[in-house]
Amino acid sequence: MRKVVKFGGSSLASAEQFKKVGDIIHSDAERRYVIPSAPGKRNDKDTKVTDMLYACYAKAEAGEDFMADLKAIQARYEEIIAGLQLGLSMDEEFKIIEDNFREKSGEDYAASRGEYLNGIIMAHYLGFEFIDAASVIIFEENGEFAAEKTNEVLSRRLGKVEKAVIPGFYGAYEDGRVKTFSRGGSDITGSIVARAARADVYENWTDVSGFLVADPRIIDNPPVIETITYRELRELSYMGAAVLHEDAIFPVRREGIPINIRNTNAPEEKGTWIVESTCQKSKYVITGVAGKKGFCSVNIEKDMMNAEIGFGRKVLQAFEDYGISFEHVPSGIDTMTVFVHQDEFMDKEQKVAAAIHRLADPDTIEIESDLALVAVVGRGMKSTRGTAGRIFSALAHKNVNVRMIDQGSSELNIIIGVSNADFENAIRAIYEIFVEVQL
Ligand code: ASP
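Described in the following lines is the structure provided in the data block.

Each value, and the rule that gives it
Residues numbered from 1 in each chain as written. Predicted model: local features only at pLDDT ≥ 70, side-chain atom pairs only at ≥ 80, totals over all residues. Heavy atoms only, no water. Helix = DSSP H or I, 4+ residues; strand = E, 2+ residues; numbered from the N terminus. Rg over C-alpha atoms; globule rule 2.2 N^0.38 Å. Buried < 20%, exposed > 50% of the residue type's maximum accessible area, 1.4 Å probe, protein only. Contact = heavy atoms within 4.5 Å. Areas by Shrake-Rupley, 256 points an atom, 1.4 Å probe, with all protein chains shown as cover. Pairing = 2+ DSSP bridges. Salt bridge = Lys/Arg side-chain N within 4 Å of Asp/Glu carboxyl O. Axes fitted to C-alpha atoms, helices over the stretch in contact; angles between N-to-C directions. Parallel < 35°, antiparallel > 145°, perpendicular 65-115°, else oblique. Left-handed = near helix turned anticlockwise from the far one by under 90°. Nonpolar A, V, L, I, M, F, W, Y, C, P; charged D, E, K, R; others polar. Near = heavy atom within 4 Å. Polar contact = N/O pair within 3.5 Å; in protein donor to acceptor, adjacent residues only side chain to side chain. Patch = residues over 30% accessible without salt bridge, like charges linked within 9 Å, V, L, I, M, F, W, Y side chains within 5 Å. Lys, Arg positive; Asp, Glu negative; His and termini not counted. Charge placed at Lys NZ, Arg CZ, Asp CG, Glu CD.

### Focus: the overall build of the protein chain
Step number 1: A count of helices and strands for the protein chain gives 14 helices and 17 strands.
Step number 2: Taken over C-alpha atoms, the radius of gyration comes to 25 Å for the protein chain, in line with the 22 Å a tight globule of 439 residues would show.
Step number 3: Dimensions of the protein chain, computed from C-alpha atoms along their principal axes, come out at roughly 75 × 50 × 40 Å.
Step number 4: Per-residue burial for the protein chain yields a buried fraction of 52% across its 439 residues.
Step number 5: Taking the intrachain contacts of the protein chain between residues at least 6 apart in sequence as the baseline, contacts between residues at least 24 apart amount to 75%.
Step number 6: Of the accessible surface of the protein chain, which amounts to about 20,100 Å², a share of 47% is contributed by carbon and sulfur atoms.

Here it is in structure tokens:
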């Protein structure tokens with residue numbers, strides 16, 4: 001067995017956390033390749049090292065004095081090194097960083113140092129080899145990640161080392177300039193390494209015990225989802241259940257490598273398994289429920305719409321012309337509704353409405369705001385009778401008025417539109433009927 005393990009920033013924020021991580025790695029010889037994030041927050045008021053680096057570099061770029069900021073960053077690492085009693089000095093590394101900042105080496109280079117330095121410390125602490133991600137994670141000149149080239153170079157490199165630390169979040173162009181992924185991108189690096197190592201599992205260690213059935217800010221102590229498919233995960237993450245970077249599933253998915261989300265602070269818990277497909281039934285009919293507030297609906301009516309070929313295209317053209325992406329488009333015989341993000345749409349609403357009039361010539365257009373979407377997701381719904389019935393009676397019991405219903409043809413999810421004010425109640429109603437009552 002070969003395991004690739006990624007640790008998030010809060011798992012590496014202090015020497016104490018590093019020790020937990022060290023124990024986790026040493027307790028299993030199969031944990032061979034380690035991807036660290038930069039040190040995260042030690043408490044609620046703390047700042048992530050990545051954010052400190054961005055702020056420090058902004059000063060350097062503006063020609064301001066940045067030394068105090070850089071010293072504060074160095075102090076974060078010194079504290080970890082001292083706590084682990086490693087005989088390691090970061091002075092030389094910080095001198096190089098200072099020089100590069102003066103030469104305006106770029107924001108990506110600056111941000112990447114958080115993972116780079118943490119990687120050096122981690123490799124030292126574990127006694128593993130350090131592989132600079134800039135030498136194995138490759139980007140094309142146009143900024144796109146070079147998946148195949150990276151896989152070739154990285155597989156070859158990993159073939160030569162038994163155990164290694166590869167910092168997350170960044171790579172480099174062929175000319176050596178550093179480039180980062182988007183924020184939270186160490187998850188992606190972990191997935192890329194898992195693919196190249198042909199790992200049996202990609203363990204992603206964080207500060208929660210996996211994906212939860214519902215948002216803990218709305219529901220007290222919701223259970224952890226034991227197994228979730230990639231598609232279910234996509235639906236839930238899209239609706240705001242964020243534990244893993246969205247792009248992190250692609251490299252491992254194509255190789256059939258499962259992801260196991262684990263909690264550094266509770267390593268005995270099994271966490272969540274993310275898999276392509278499974279015959280494991282989820283404990284409840286639904287796998288999870290999630291949602292987002294802040295949508296608008298644009299309701300368009302036209303007599304005999306159903307007979308008019310191309311009507312939908314013309315309506316959607318109006319949104320496309322103004323660069324607005326749509327979320328859902330439920331339709332009736334003579335009506336069509338387009339759900340959009342309120343903050344994206346607000347400034348352009350009159351222009352879009354005018355464009356719909358011009359392009360599609362409808363009878364009326366009506367815009368409603370402050371709507372929320374709730375997604376009930378579950379591979380089990382397909383084979384269970386009465387799911388929709390239970391959802392809507394639970395909502396009715398809680399006096400939640402349903403404004404829109406959209407069931408994907410995959411039968412993997414049911415999307416319900418409610419007003420923002422009803423959002424939390426709707427989530428509670430659905431949670432209660434499927435998880436607490438467990439019928
Ligand atoms: N340190 C980077 C960030 O804060 C990347 C990561 O942690 O995954 O976004």
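Text resumes after the structure shown.
### With respect to the pairing of strand 6 (residues 170-173)
Step number 1: In this structure, strand 4 (residues 138-139) lies alongside strand 6, joined through two bridges in parallel fashion. Paired with Ile138 across the bridge in strand 6 is Ala172.
Step number 2: Taken together, the three bridges between strand 6 and strand 7 (residues 178-180) define a ladder with antiparallel strand orientation. Bridged to Tyr170 within strand 7 is Thr180.
Step number 3: Counting the residues in the hairpin turn of strand 6 and strand 7 gives four residues, including Gly176, whose phi is positive at 100 degrees.

### Regarding the pattern of salt bridges
Step number 1: Throughout the structure, instances matching the rule amount to 29 salt bridges.
Step number 2: Between Glu79 and Arg42 there is a salt bridge, with the nearest N and O atoms lying 3.1 Å from each other. Here the residue Glu79 occupies a position in helix 3 (residues 67-83), and Arg42 occupies one in the loop between strand 2 (31-36) and helix 2 (49-61), the gap between them amounting to 37 residues.
Step number 3: Relative accessible area serves as the criterion here: at 43%, Glu79 is assigned to the partly exposed category.
Step number 4: Judged by relative accessible area, which is 37%, Arg42 ranks as partly exposed.
Step number 5: With its nearest N and O atoms 3.2 Å apart, the salt bridge here joins Glu276 to Arg253. Here Glu276, found in the loop between strand 11 (272-275) and strand 12 (288-301), pairs with Arg253, found in helix 9 (residues 249-253); they are 23 residues apart in sequence, far enough to count as distant.

### Observations concerning the sheet that holds strand 6
Step number 1: On the basis of which strands lie adjacent, the open sheet formed by three strands has the order 4-6-7 and mixed pairing. Of all the strands in the sheet, just strand 4 and strand 7 have a single pairing partner and so form its edges.
Step number 2: Together, strand 6 and strand 7 form the strand contacts of helix 5 (residues 107-126), whose direction differs from that of strand 7 by roughly 80 degrees.

### A closer look at the environment of Lys45
Step number 1: Here Lys45 lies in the loop between strand 2 and helix 2.
Step number 2: You can call Lys45 exposed: its relative accessible area is 80%.

### Describing the packing of helix 1 (residues 15-26) against helix 5
Step number 1: Orientation of helix 1 relative to helix 5, taken along the N-to-C sense of each, is 55 degrees, at an axis distance of 11 Å. Taken together, helix 1 and helix 5 sit at an angle that is classed as oblique. Judged by the sense of rotation from one axis to the other, the crossing of helix 1 with helix 5 is right-handed. Within the contact between the two elements, helix 1 uses Phe18, Lys19, Val21, Gly22, Ile25 and His26 and helix 5 uses Asn118, Ile121, Met122, Tyr125 and Leu126.
Step number 2: Per-class residue counts for the contact of helix 1 with helix 5 are seven nonpolar, three polar and one charged.

### Some points on the site of the ligand
Step number 1: Ser37, Lys48, Thr50, Glu115, Phe169, Arg183, Gly184, Gly185 and Ser186 make up every residue found near the ligand.
Step number 2: Contact between the ligand and Ser37: an oxygen atom at 3.1 Å from a side-chain N or O atom of the residue.
Step number 3: The contact in question runs from a nitrogen atom of the ligand to an N or O atom on the side chain of Thr50, over 2.8 Å.
Step number 4: Look at the ligand: alone it shows 260 Å² of surface, and the protein chains cover 94% of it.

### A few points about a negative patch on the surface
Step number 1: Judged by side-chain charge, Glu301, Asp303, Asp361, Asp363 and Glu366 come together as a negatively charged surface patch.
Step number 2: With respect to the helices, strands and loops of the structure, Glu301 is situated in strand 12.

### Regarding the sheet that holds strand 14 (residues 335-341)
Step number 1: Read across the sheet, six strands follow the order 13-14-12-15-17-16 without closing on themselves; strand pairing throughout is antiparallel. Each edge of the sheet is formed by a strand with only one pairing partner; in this case those strands are strand 13 (326-328) and strand 16 (404-407). The average undirected angle you get between the axes of adjacent strands in this sheet is 40 degrees.
Step number 2: With 11 bridges joining them, strand 12 and strand 15 (residues 364-377) adopt antiparallel strand pairing. Each residue of the ladder has a partner; that of Gly288, found in strand 15, is Val377.

### Examining the side chain of Lys6
Step number 1: Inspection of the secondary structure assignment puts Lys6 in strand 1 (residues 3-7).
Step number 2: Side-chain polar atoms of Lys6 contact the side chain of Asp187, separated by 2.9 Å.
Step number 3: Setting aside anything within four residues of it in sequence, one finds Lys6 in contact with Ile35, Ser37, Ser186, Asp187, Tyr202, Glu203, Asn204 and Trp205.

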